[in-house]
Each structure stands twice: as C-alpha cells, then as structure tokens.
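# Tertiary structure, described
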Amino acid sequence: MALADPQGTRKSLKDRFYAWRTALVGSRAFQQKAARLPIAASIARKDGEALFDLVAGFAHSQILMAFVEFDLPDHLRVQPRTLADLASRTGVPEPRMKVLAQGAAALGLMTRQSDGRYALGRLGAALPGIPGLSQMIRHHDVLYRDLSDPVAFFRDGSDTELAGFWPYVFGASGDVDQDVAATYSELMADSQTLVAEEALAHLDLSDTRTLLDVGGGTGVFLAAAGQAYPHLNLHLFDLPAVIAPAAARFEREGLSDRADTTGGSFRTDALPICADTISLVRVLYDHADETVAMLLTKAHAALPSGGRIIVAEPMSGGGTPTRPGDAYFGPYCMAMRTGKARSANEISGLLAQAGFRDVKTVKTGRPFVTGMVCACKA
Ligand SMILES: C[S@@+](CC[C@H](N)C(=O)[O-])C[C@H]1O[C@@H](n2cnc3c(N)ncnc32)[C@H](O)[C@@H]1O
C-alpha cells in the first residue's frame, strides 16, 4: 500500500515503517529508555560495541601494522617476553611499548600473562603462517594514505597512490618496467598461494587437459594445479615483463615438460588457442567493464566448444553486502582507479554477455580469500 508524504510523493508502507524505526533508534530518549529494559539493553550494548569498533577500526589497523613492522611475531615466536625486553629489541621506549602491547593484546594479536610478560595471541601466532599476509598488511600504508581524506576519496579520488603502486593495470601495451613488475609480482605470488588453495579445493580439473591461466603472474596457481593434477598441461599468459619467474617456477617444481608461457597483453593480443579450460584469477577486478567484456570475448574465442572458464577473485556481496567484498575490496579497487569489486551476479552477467552458458557461482569456504564463478562455452 502506498501513502502520500508531505512532499507529495507516495511512500510505501515499508518505507514509512523504515522512517519510523530510524527516527526511533536514533532518538536519545529511546536509547536511554532501551538501556533500562533487559533485552533491549543487551541489543543496545551490542550495537554500541559494534559502533565503537567501527569508530576505532583505523586505530586497530595501525596497531596491527606496528605489530608487523616491529616484527613482534618473530620476537615472541619462541617465548613470552617482558616489556623491557620487547622495548630493547624494537627500539620503542618501554612506556610506549606497553601501550602497543596492551592494544595488541586487546585485539587478540598478543596476550598478557599473569607474570606481566607478553606472548602471541592466537591471531598473532597464526599471522606469520598465512602466505602473503604480512606483506599485504605492510603495503596498506599506501591505501591508508589514499583513504586519509575519505570525503575527497569517495567524491573524486582521481589522484590515488595505490594506482601508482600497481601500475600494470594501466599498461595498454603491456609495457611495464621489469623492476616494477618484480615488486608487485612478489606480493601477488605470496598471496596467491592462499587463493590457489581455496580455488582448487572447490574445483575439479580431472577432465581438463590444458589449463590456460590468463594474467597468471608468476605461476603460483598453475603450479599448484599442476601438482594437484599430474595429467594437466599448463599454459600461462601474462605481460612479457611478468612471465620469466613463472618459467623458473615451473622448472623448479619439475613441471617444465608440461608447462608453457606466452607473453602478451590481452588488450592488444589474442589469447593462445591451446586450452580447454581458461582461468582468470584476480584479474577481472583490476579492470573496467569494457576491458573485462573484451577479455571474456577473447577467452570465449580461444576455447573449444564445451570449454570451461573459471573466474576466481574476491567479490562484492551484491544484494547482501559483505565486509571483505564491500568494505575492503570495494574501496581498494576504487583506489586502483581502473577496476571494481564485482558481485558473482555481475560477473555472471558479463560471462553470459560474452557468450558463455551454464554460468554457476561456486561457494568457497573463505570468500574473503576468493569467490568463484564458472561457465562453459556451448
Ligand atoms: C592482480 S594480478 C593477479 C596475478 C595472479 N593471477 C594472482 O592471482 O596472483 C593481475 C595480473 O594480470 C596481469 N595483467 C594485467 N594486465 C594485463 C594485460 N593487459 N595482459 C595480460 N596480463 C595482464 C598482471 O601482470 C598480473 O599478473
């Protein structure tokens, strides 16, 4: 049922209920009353804590950054330590180290023992074992600066530092300096181990003869696929400046007799016709819709009939926004200035538009590592 509002536009009953609920929850008088009622008080307290966590989130991230920068996981790896010990190991004055250690303990990175020494908490102990995580935290200084003026960032954001950190996405000709390529490839390779693990846990490649990984970087995903499927032929396509470490990796891992690389740019070159499955791991989210549409059309052309495409990358939650997809990868991709975090539905739409059929979203166990959408060429 729709009712007229004072401006003359008609509001649905749902919208009127929403306006009433929003005014009520935002009213100080209601908040004070709710704080005295048993169930409402517990909801209000939880909401208050959640809001405060959001308010303080940027300080939490910087405690995490300091925890990593001061190598605290390493200093605490073998034994708990006193503040004086940590202070002398890091060059941080003891009273300041106490503030950091207390903060890290509150966040689960460290714990404070009854003898006053500090140890690694479960999260802090896990961190060094997660491939690429410390490097990822370290490179956040760049995004942090880009977000330091969020009003300007969301309004315009035309001059972001992160875009310079990942210059390859601008390379229309695939023209990228070797040293620059090495810096980003290393970070990508470290973190790709997790992505490969997650993707392969939810994929069956037993029927695939040759897997072409487009934008495959230094070959971590292909090498992991090759190790998991001894019959699989591997082919990597990436910018010429990027592929040399992939060939070296295949050699090191004893995969060279069934692995090949092609240097080129998917913006200007056709994709090699060699595979019955093409994967795009963390590639689409770097690019605008037009580039993605063009790339998927090239992938469609390169596949035989019945061939398969796999898109694996962190995704927006779409209709159900998620913290990793929408409150991290969304702004991150916007700071890159060329791409965006898309939902599985948006990716499915782009795949269908490129001619793919049987488009399916694959549910992964750790969507903050990667989501996945697969489709077939008819
Ligand atoms: C975000 S990285 C992902 C690398 C790897 N798939 C992973 O998940 O670690 C994007 C990759 O796409 C490659 N790439 C970017 N533009 C490209 C282009 N025009 N042609 C081919 N590869 C490109 C980059 O060199 C880079 O290796």
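Residues numbered from 1 in each chain as written. Predicted model: local features only at pLDDT ≥ 70, side-chain atom pairs only at ≥ 80, totals over all residues. Heavy atoms only, no water.

The protein is annotated in an unreviewed UniProt entry as Methyltransferase domain-containing protein from Gymnodinialimonas phycosphaerae.

### Here we look at the domain arrangement of the protein
Domain annotation of the protein identifies domain 1 (14–129) and domain 2 (133–377). Computed over C-alpha atoms, the centres of domain 1 and domain 2 are 33 Å apart. Contact with domain 1, which involves nine residues of that partner, is made by eight residues of domain 2. Buried area between domain 1 and domain 2, both sides added, is near 750 Å², and the carbon and sulfur share of it is 66%. (Domains from an automatic or database assignment. Contact = heavy atoms within 4.5 Å. Buried area = accessible area lost by both parts, 1.4 Å probe.)

### With respect to the pairing of strand E11 (residues 371–377)
Counting buried residues along E11, six of its seven residues qualify, which places the element largely inside the surrounding structure. Pairing geometry for strand E9 (residues 308–313) and E11, over six bridges, is antiparallel. Across the sheet, residue Ile310 finds its bridge partner in E11, namely Cys374. One ladder, built from five bridges, connects strand E10 (residues 356–362) with E11; its direction is antiparallel. Within the sheet, the bridge partner assigned to Val362 lies in E11 and is Met372. (Buried < 20%, exposed > 50% of the residue type's maximum accessible area, 1.4 Å probe, protein only. Helix = DSSP H or I, 4+ residues; strand = E, 2+ residues; numbered from the N terminus. Pairing = 2+ DSSP bridges.)

### Overview of the environment of Ala247
Within the secondary structure layout, Ala247 lies in helix H13 (residues 244–252). Spatially, the C-alpha atoms of Ala247 and Arg323 are 36 Å apart, while their sequence positions differ by 76 residues.

### With respect to the site of the ligand
Surrounding the ligand, one finds 19 residues, the nearest of these being Gly215, Asp238, Phe266, Val281 and Arg282. Asp238 places a polar side-chain atom, nitrogen or oxygen, 2.6 Å from an oxygen atom of the ligand. Here Arg282 contributes a side-chain N or O atom positioned 2.9 Å from an oxygen atom of the ligand. Summarising the interface, the protein chains cover 99% of the accessible area of the ligand, which totals 590 Å² for the free molecule. Here the element with the most residues in the shell around the ligand is helix H11 (residues 178–201); it accounts for three residues. Residues that form the shell around the ligand fall into these classes: eight nonpolar, seven polar and four charged. (Near = heavy atom within 4 Å. Polar contact = N/O pair within 3.5 Å; in protein donor to acceptor, adjacent residues only side chain to side chain. Areas by Shrake-Rupley, 256 points an atom, 1.4 Å probe, with all protein chains shown as cover. Nonpolar A, V, L, I, M, F, W, Y, C, P; charged D, E, K, R; others polar.)

### Section: unusual backbone geometry
Backbone phi values are negative for most residues with the exception of glycine, while trans is the configuration of most peptide bonds. Unusually for a residue other than glycine, Asp71 sits at a positive phi of about 55°. Tracing the sequence through the fold places Asp71 in the loop between helix H3 (38–69) and helix H4 (72–75). For Asp71, a relative accessible area of 38% puts it in the partly exposed group. One non-glycine residue, Arg337, lies in the positive phi region at around 75°. With respect to the helices and strands, Arg337 occurs in the loop between helix H15 (323–336) and helix H16 (344–353). Given a relative accessible area of 42%, Arg337 falls into the partly exposed group.

### Quick look at the packing of aromatic side chains
Aromatic ring pairs are reported here in terms of the distance separating the ring centres and the angle at which the planes meet. This model, assessed by the stated rule, comprises five aromatic pairs. Here Phe153 and Phe154 contribute two aromatic rings whose centre-to-centre distance is 5.0 Å and whose plane-to-plane angle is 85°, an arrangement assigned as edge-to-face. Cluster of aromatic residues (ring-pair linked, three or more members): Tyr285, Tyr328, Phe329 and Tyr332. (Phe/Tyr/Trp six-rings, centres within 6.5 Å; stacked < 30°, edge-to-face > 60°.)

### Details of the sheet that holds E9
Spatially, the seven strands line up as an open sheet ordered E7-E6-E5-E8-E9-E11-E10, and their pairing is mixed. Each edge of the open sheet carries a strand with a single partner, namely strand E7 (259–263) and E10. Here the average twist between neighbouring strands, direction ignored, is 20°. Examined bridge by bridge, strand E5 (residues 210–214) and strand E8 (residues 277–281) share three bridges and lie parallel to one another. The partner of Leu211 across the bridge, within E8, is Thr277. Contacts between helix H12 (residues 220–228) and the sheet are confined to E5, strand E6 (233–238) and E8, with E5 contributing the most and set at about 165° to the helix. Helix-sheet contacts for helix H14 (residues 289–302) involve E5, E8, E9, E10 and E11, and the interaxial angle to E8 is about 160°. (Axes fitted to C-alpha atoms, helices over the stretch in contact; angles between N-to-C directions.)

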